[in-house]
Amino acid sequence: MDRFSRYVNELFLWNGQMREFLQSEEVGKDSELWEKLDQFTELIENTNRDLSTEELLDLQAKAEQIHEELEAYFNQKQVNEIGTIMVVEKPVPPGKHTLPNLPYAYNALEPYISEEIMRLHHAQHHRAYVNGLNKAELELKKARDSNDFSLVKHWSRELSFHGSGHYLHSIFWRNMSPNGGGSPEGLLKMEIDNYFGSFHAFKKHFSESANQVEGVGWALLVWSPKARHLEVLQTERHMLLTQWDTIPLLVLDVWEHAYYLQYKNKRSEYVDNWWKIVNWHDVEMRLEKAADSKWPAI
Ligand code: MN
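The rules behind each value
- Residues numbered from 1 in each chain as written.
- Predicted model: local features only at pLDDT ≥ 70, side-chain atom pairs only at ≥ 80, totals over all residues.
- Pairing = 2+ DSSP bridges.
- Helix = DSSP H or I, 4+ residues; strand = E, 2+ residues; numbered from the N terminus.
- Axes fitted to C-alpha atoms, helices over the stretch in contact; angles between N-to-C directions.
- Expected span 1.5 Å × (residues − 1).
- Buried ≥ 20, exposed ≤ 12 C-beta atoms within 10 Å, placed from the backbone.
- Arc of directions from axis to C-beta.
- Contact = placed C-beta atoms within 7 Å.
- Core = buried A, V, L, I, M, F, W, Y, C linked by C-beta atoms within 7 Å.
- Left-handed = near helix turned anticlockwise from the far one by under 90°.
- Nonpolar A, V, L, I, M, F, W, Y, C, P; charged D, E, K, R; others polar.
- Parallel < 35°, antiparallel > 145°, perpendicular 65-115°, else oblique.

A. Highlighting the sheet that holds strand β3 (residues 247-253). A sheet is described by the order of its strands in space; here three strands give the open sequence β2-β1-β3, paired in antiparallel fashion. Both edges of this open sheet fall to β2 (229-236) and β3, since each of them pairs with a single strand only. For this sheet the average axis-to-axis angle between neighbouring strands, irrespective of direction, equals 20 degrees. Inspection of the sheet shows strand β1 (residues 217-224) paired to β3 by six bridges, in the antiparallel sense. Directly across from V222, in β3, lies its bridge partner P248.

B. Broad picture of helix α8 (residues 199-211). With 13 residues, α8 should reach 18 Å at 1.5 Å per residue; the first-to-last C-alpha distance of 18 Å fits that figure. Among the residues of α8, F202, F206, S209 and A210 are the ones counted as buried. Mapping the buried residues of α8 onto a view down its axis gives an arc of 100 degrees, with all of them on the same face. Turned more than 90 degrees away from the buried face of α8 sit H200 and K204, all of them exposed.

C. Broad picture of the environment of L159. Relative to the helices and strands, L159 is located in helix α6 (residues 152-175). Its 19 C-beta neighbours within 10 Å are what place L159 among the partly exposed residues. In sequence terms L159 and F202 are 43 residues apart; their C-alpha atoms lie 32 Å from each other. With residues near it in sequence (within four places) discarded, L159 still touches L133, A136, E137 and L140.

D. Just the nonpolar core, in detail. Counting 34 residues, the largest nonpolar core has A210, W218, A219, V251, L252 and V254 as the members making the most contacts within it. Elements that contribute at least two residues to this core include exactly α5 (115-146), α6, α7 (186-196), α8, β1, β3, α10 (267-274) and α11 (280-292). Counting residues per element, this core draws most heavily on β1, at five residues. With residues up to four places along the chain from it excluded, the contact list for A210 reads A219, L252, V254 and V271. With seven residues, the next largest nonpolar core counts L11, M18, L37 and F74 among its residues.

E. The packing of α8 against α10, seen in detail. Two elements in contact, α8 and α10, have axes whose closest approach is 9 Å; the angle formed by their N-to-C orientations is 145 degrees. For the element pair α8 and α10, the recorded crossing hand is right-handed. The segment α8 lies against α10, with S207, A210 and N211 engaging R267, S268 and V271. The class makeup of the residues in the contact of α8 with α10 is two nonpolar, three polar and one charged.

F. Just the packing of α7 against α11, in detail. The interhelical angle for the contact between α7 and α11, taken along N-to-C directions, is 75 degrees, at an axis separation of 8 Å. In terms of axis orientation, α7 runs roughly perpendicular to α11. Contact residues: G186, L187, L188 and E191 in α7; W280, V283, E284, L287 and E288 in α11. Taken together, the residues that form the contact of α7 with α11 break down as five nonpolar, one polar and three charged.

G. Layout of unusual backbone geometry. Of note, the amide linkage connecting E110 to P111 takes the cis form, showing an omega dihedral of 5 degrees. Here P111 is to be found in the loop between α4 (82-85) and α5. The phi dihedral of N147 is positive, around 55 degrees, even though this residue is not glycine. Its place among the elements puts N147 in the loop between α5 and α6. One non-glycine residue, K264, adopts positive backbone phi at about 50 degrees. Here K264 is to be found in the loop between α9 (260-263) and α10. A residue is classified by how many C-beta atoms lie within 10 Å of it, and K264, with 11 of them, is exposed.

Geometric descriptors of this kind do not, in isolation, establish any biological role.
Laid out in C-alpha cells, this is it:
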C-alpha cells in the first residue's frame, strides 16, 4: 500500500474514532461539530484512492481544520482526552515542531501548581525546547545537504536535549488534570500491581526517584515492550540515564523551574502534592497504546 492510500485509511480510522468520541461525550446531534464531521465523512467516502498530491493536501487541510475546531470545543469544556484520541498521523518535517496548547487553563492546577509557574513553564521553557529542537534538526539537515559534519556532535547533543525536553513536557501537561488524583484503575492498576506489588509501593518508588534526581531532571514511569512490564526511571537534565526502548507513560518534572517559585527547596512537598493532580485516565490510555507495540521475538 502506498503512502497516500495509507493516509486516506488513517483518515477513515480517525473519522470513525471521532464519531465514537462525539457520541461518548454526548454531543447533541444538532451541534455544528456533527455537521462538519458528516461533511468530512462524505468527502472521504467519495475520495478516489488514486489521489494527486494536491487532493491529498486538500484533504489533510480539511482534516486539520476539523481537528482544531473539535479541540477548541473540548478545551472549552475542559475535556482532556481529545489530544490522545485525535492523532492525525503525519510526519513532522525538519524544523516544524510547534508548542502544543495546554489542555487546561494556566490556573487550573492551583493550589498544587501556581498559575505563575505554569505560565512560565509552558510559554517560556517549553517553547525554548521546541525552538531548540527545530534549530538542531535544521542544522543537521544543513550538514547532510552540504556534507559538512564538523559540528555533528554539538547538534546531536542539542537534538537530544531539546527533543527530549519537548517530548517530555508534551507528556507531562497531559499527565496532569484539574480533575486528577486518586489511584489508577483497569489495565494500569493491573500492571502496577503485577510489577511493583502494590500502588503504594510504586508510588513510594516513583516519589523517591523524583526526590533524589541529582540536580535537574525527571522521574518517569515507562513501559518496556521488550520485557513487557512497567519500570520507574530517573533522567538527569532531559536525556541522561534513560533506558532506551521503553515508552514513557507518566512523567514528573523536577527541574527547579517546575516548582521553585512556589515550593522553594521543598521538592518533596511538590512531589507529594503532585499526586493530587495526576491524570490516571491519560496514563492508562498511554499504557494501552504502548502495550499494543510488540517487537518480533529474536
Ligand atoms: Mn520543565
